[in-house]
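# Structural characterization, general
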Amino acid sequence: MNVDNKIESLKASLEEALATVENQNELQQLKATYLGKKSELTQLMRHMKDLSNEEKPAFGQKINEAKQAFEALIDAQKVIIQKREMDALLKKETIDVTLDAPDFSPGSAHLLNQIIEDIEDLFIGMGYQIKEGPEIETDLMNFEKLNLPKDHPARDMQDSLYITEDTLLRTHTSPVQVRTMLEYGGKKPVKIICPGKVYRRDDDDATHSHQFMQIEGLVVDKETTMSDLKGTLLVVAKHLFGPDRKIRFRPDYFPFTEPSVEVDVTCANCDGVGCSICKQTGYIEILGAGMVNDKVLKMSGYDPNIYQGFAFGIGVERLAMLKYGIEDIRHFYTNDLRFNKQFKR
Ligand code: DAH
């Protein structure tokens, strides 16, 4: 067979084989078959030695051209296969952007935290500092240093959850007052609010919870009077319940304050006229307060002849319930999104 025919027939069979090649691997094998050391084309070169010197260059050139032509065919097929593979990959990885996105609605602070942060902002604006204390508290801080000795009847007001004889879950945020006064060493004025969780041995129902939130306030300074307390609480009442609110003090008793008061705000619903919400009284009780008891000041290192103070304790759930007409305290702790979502900031 002459060399031209041989090359032609090799080329034809290469083209035929290329048409059925499916992937790069097969192509690689084909390349070896048609261009490798043992390929027929390479074998043809062996015939060189049988040729005359005049015939050799033309023969060599034919083989080289055939090599290049075969390579070009294989390369062209390579491009086709690569494109085919890429198309298949893209198709497989297609993302259907028309699908509904899952509901990743952003979270929001819990209503109680919103109220705490709001009150914190208000007090920071009046020059107060935010103080926190431990939720596991000593009997000394929670009671003794707040003028509630062991057999004091007022301890019954606060059914406590004891951990040991001397430690308990704090029943109020008032021990943070004590801790701060001790920290300041009786030397400098105190102006703080202390938000946090507190615990009582209570059966949970619509108005009772064994865990709830309080914000304690304490100001200790020279020449602090009850009118400072009243002015401060009026600002709070107006901020929370509207600019037209008024407040009144009613005498009350707390061991850590003397005198002690219960603070009422005019009902925002009826503007103090009387309605079902304020039980026809025109007022709603919002917190307890008073002038810091001299004994409490002394026990924490402040000289009551130089320093006086006022204090107050706000129940955060109670505020939220009054403000938004929530009638069951358990809503704050059951994490029902239908409830929580109503108070997105
Ligand atoms: N500690 C009181 C309670 O938990 C609330 C309270 C009342 C705090 C009067 C005060 C205050 O600082 O002056 O019931």
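Note that this is a predicted model, so its numbers are computed, not measured.

### Observations concerning the site of the ligand
- Taken together, 16 residues lie around the ligand, and His 172, Ser 174, Arg 200, Gln 214 and Glu 216 are the ones closest in.
- Here His 172 contributes a side-chain N or O atom positioned 2.9 Å from a nitrogen atom of the ligand.
- Contacts to the ligand include Glu 216, whose side-chain N or O atom sits 2.5 Å from an oxygen atom.
- Protein contacts shield 92% of the accessible area of the ligand, which totals 360 Å² for the unbound molecule.
- The residue inventory of the shell around the ligand, partitioned by class, reads five nonpolar, nine polar and two charged.

### Considering helix α7 (residues 175–184)
- Summarising burial for α7: seven of the ten residues are buried, a large majority.
- Among the residues of α7, Pro 175, Val 176, Gln 177, Val 178, Thr 180, Met 181 and Tyr 184 are the ones counted as buried.
- Immediately beyond the C-terminal end of α7, within one or two residues, lies Gly 185, with a positive phi of roughly 65°.

### Quick look at the sheet that holds strand β7 (residues 247–254)
- Read across the sheet, seven strands follow the order β1-β5-β6-β10-β9-β8-β7 without closing on themselves; strand pairing throughout is mixed. Every other strand in the sheet has two partners, leaving β1 (129–130) and β7 as the edge strands with one partner each.
- Pairing between β1 and strand β5 (residues 190–199): two bridges, direction parallel. When the bridges of β5 are listed, Gln 129 appears paired with Ile 192.
- Against the sheet, helix α8 (residues 226–241) makes contact with β7, β8 (257–266), β9 (283–292) and β10 (308–315), and its axis sits at roughly 120° relative to β7, the strand it touches most.

### Topic: the side chain of Lys 131
- Within the secondary structure layout, Lys 131 lies in the loop between β1 and β2 (136–138).
- In terms of polar contacts, Lys 131 uses its side chain to reach the side chain of Glu 183, at 3.0 Å.
- Other than its neighbours up to four places away in sequence, Lys 131 contacts Val 176, Thr 180, Glu 183, Tyr 184, Ile 192, Ile 193, Cys 194 and Pro 195.

### Section: the nonpolar core
- The biggest cluster of nonpolar side chains holds 43 residues, and the ones touching the most others in it are Phe 312 and Phe 332.
- Among the elements of the structure, α5 (111–125), β6 (211–221), α8, β8, β9, β10 and α10 (316–324) are those that each provide at least two residues to this core.
- Sorting elements by how many residues they give to this core places α5 first, with seven residues.
- Each residue touching Phe 332, except ones within four places of it in the same chain, is listed here: His 110, Leu 111, Leu 112, Glu 317, Ala 320, Met 321, Ile 326 and Phe 339.
- If you look at the next biggest cluster of nonpolar residues, it comprises 23 residues, including Val 178, Phe 256, Tyr 302 and Tyr 307.

### What about the packing of aromatic side chains?
- For the structure shown, the criterion picks out eight aromatic pairs.
- Relative to Phe 343, the ring of Tyr 324 has its centre 5.2 Å away and its plane inclined at 70°; by these criteria the two rings are edge-to-face. Of this pair, Tyr 324 sits in helix α10 while Phe 343 sits in the segment after α11 (337–340), and the two are 19 residues apart along the sequence.
- One aromatic cluster in this structure is built from Tyr 324, Phe 332, Phe 339 and Phe 343.
- We note Lys 230 situated over the ring of Phe 249; from NZ or CZ to the ring centre the distance is 5.3 Å.
- Sitting above the plane of the Tyr 283 ring, Arg 248 keeps its charged end 3.8 Å from the centroid.

Criteria and thresholds
Residues numbered from 1 in each chain as written. Predicted model: local features only at pLDDT ≥ 70, side-chain atom pairs only at ≥ 80, totals over all residues. Heavy atoms only, no water. Near = heavy atom within 4 Å. Polar contact = N/O pair within 3.5 Å; in protein donor to acceptor, adjacent residues only side chain to side chain. Areas by Shrake-Rupley, 256 points an atom, 1.4 Å probe, with all protein chains shown as cover. Nonpolar A, V, L, I, M, F, W, Y, C, P; charged D, E, K, R; others polar. Buried < 20%, exposed > 50% of the residue type's maximum accessible area, 1.4 Å probe, protein only. Helix = DSSP H or I, 4+ residues; strand = E, 2+ residues; numbered from the N terminus. Pairing = 2+ DSSP bridges. Contact = heavy atoms within 4.5 Å. Axes fitted to C-alpha atoms, helices over the stretch in contact; angles between N-to-C directions. Core = buried A, V, L, I, M, F, W, Y, C linked by side-chain atoms within 4.5 Å. Phe/Tyr/Trp six-rings, centres within 6.5 Å; stacked < 30°, edge-to-face > 60°. Lys NZ or Arg CZ within 6 Å of the ring centre and 35° of its normal.

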